[in-house]
Amino acid sequence: MLFREIKEGSYKISFRSKDFVDVNRLATPFGGGGHPHAAGCLIQGDFNEIKEKVITAALQAVRGINQ
(Lines give C-alpha, C1' and ligand atoms only; values in the text may rest on other atoms or scores of the structure.)
Protein backbone atom coordinates (compact mmCIF):
# COMPACT_ATOMS: atom_id res chain seq x y z
CA MET A 1 0.00 0.00 0.00
CA LEU A 2 1.09 3.53 -0.74
CA PHE A 3 -0.68 6.51 0.81
CA ARG A 4 -0.23 9.87 -0.96
CA GLU A 5 -1.76 13.18 -0.01
CA ILE A 6 -2.91 14.76 -3.28
CA LYS A 7 -4.34 17.87 -1.62
CA GLU A 8 -5.11 18.77 1.97
CA GLY A 9 -7.46 16.15 3.38
CA SER A 10 -7.55 14.07 0.18
CA TYR A 11 -5.50 10.89 -0.17
CA LYS A 12 -4.80 8.46 -2.98
CA ILE A 13 -4.10 4.92 -1.88
CA SER A 14 -2.45 2.47 -4.24
CA PHE A 15 -2.63 -1.26 -3.60
CA ARG A 16 -0.39 -3.89 -5.17
CA SER A 17 -0.36 -7.66 -4.72
CA LYS A 18 1.74 -10.42 -6.21
CA ASP A 19 -0.14 -13.53 -5.20
CA PHE A 20 -2.89 -13.99 -2.68
CA VAL A 21 -4.76 -10.77 -1.89
CA ASP A 22 -7.23 -9.47 -4.50
CA VAL A 23 -6.58 -5.77 -4.03
CA ASN A 24 -9.51 -4.84 -6.25
CA ARG A 25 -11.79 -6.30 -3.57
CA LEU A 26 -9.82 -4.37 -0.96
CA ALA A 27 -10.20 -1.03 -2.80
CA THR A 28 -13.89 -1.40 -3.71
CA PRO A 29 -15.38 -0.63 -0.25
CA PHE A 30 -13.39 2.61 -0.28
CA GLY A 31 -14.89 3.70 -3.60
CA GLY A 32 -11.99 2.51 -5.71
CA GLY A 33 -11.19 -0.42 -7.91
CA GLY A 34 -8.79 -1.85 -10.42
CA HIS A 35 -7.45 -5.31 -11.02
CA PRO A 36 -6.73 -8.24 -8.69
CA HIS A 37 -3.04 -7.28 -8.48
CA ALA A 38 -3.24 -3.48 -8.85
CA ALA A 39 -5.96 -1.17 -7.57
CA GLY A 40 -6.45 2.15 -5.87
CA CYS A 41 -8.89 4.61 -4.33
CA LEU A 42 -9.29 8.24 -3.34
CA ILE A 43 -10.42 9.00 0.19
CA GLN A 44 -11.07 12.30 1.91
CA GLY A 45 -10.80 12.86 5.63
CA ASP A 46 -8.41 12.65 8.53
CA PHE A 47 -5.26 10.76 7.58
CA ASN A 48 -4.97 8.81 10.83
CA GLU A 49 -8.58 7.58 10.57
CA ILE A 50 -8.15 6.65 6.91
CA LYS A 51 -4.89 4.84 7.63
CA GLU A 52 -6.47 2.84 10.45
CA LYS A 53 -9.49 1.80 8.35
CA VAL A 54 -7.43 0.80 5.32
CA ILE A 55 -4.79 -1.11 7.26
CA THR A 56 -7.49 -2.92 9.27
CA ALA A 57 -9.23 -3.95 6.04
CA ALA A 58 -5.91 -5.14 4.56
CA LEU A 59 -5.11 -7.21 7.64
CA GLN A 60 -8.58 -8.78 7.51
CA ALA A 61 -8.04 -9.65 3.83
CA VAL A 62 -4.69 -11.29 4.59
CA ARG A 63 -6.06 -13.15 7.61
CA GLY A 64 -8.99 -14.40 5.51
CA ILE A 65 -6.53 -16.10 3.19
CA ASN A 66 -4.77 -17.86 6.04
CA GLN A 67 -7.91 -19.31 7.58
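J.: Break down the sheet that holds strand 3 (residues 33–35) for me, with residues and values.
T.: Strand order in the open sheet formed by four strands is 1-2-4-3, with antiparallel pairing between adjacent strands. The open sheet has two free edges, formed respectively by strand 1 (2–7) and strand 3, since each of these has just one partner strand. Neighbour-to-neighbour, the strand axes of the sheet open up by a mean angle of 20°, direction not taken into account. The pairing of strand 3 with strand 4 (residues 38–44) spans three bridges and is antiparallel. When the bridges of strand 4 are listed, G34 appears paired with A39.

J.: Give a detailed account of the packing of aromatic side chains, specifying residues and quantitative values.
T.: The final tally for this structure, using the stated rule, is two aromatic pairs. Both rings, one in F3 and one in F47, keep their centres 5.8 Å apart while their planes meet at 85°; by these two values the pair is edge-to-face. Separated by 44 residues along the polypeptide, F3 in strand 1 and F47 in helix 2 (residues 47–65) bring together distant segments of the chain. Taking relative accessible area as the criterion, F3 reaches 22% and is therefore assigned partly exposed. Overall, F47 belongs to the partly exposed group, its relative accessible area being 30%. Judged by centre distance (5.2 Å) and plane angle (45°), the ring pair of Y11 and F47 falls under tilted. Remark: F47 occurs in helix 2 and Y11 occurs in strand 2 (residues 10–16); sequence separation between them is 36 residues. The class of Y11 is buried, set by a relative accessible area of 10%.

Conventions adopted
- Residues numbered from 1 in each chain as written.
- Predicted model: local features only at pLDDT ≥ 70, side-chain atom pairs only at ≥ 80, totals over all residues.
- Heavy atoms only, no water.
- Pairing = 2+ DSSP bridges.
- Helix = DSSP H or I, 4+ residues; strand = E, 2+ residues; numbered from the N terminus.
- Axes fitted to C-alpha atoms, helices over the stretch in contact; angles between N-to-C directions.
- Phe/Tyr/Trp six-rings, centres within 6.5 Å; stacked < 30°, edge-to-face > 60°.
- Buried < 20%, exposed > 50% of the residue type's maximum accessible area, 1.4 Å probe, protein only.

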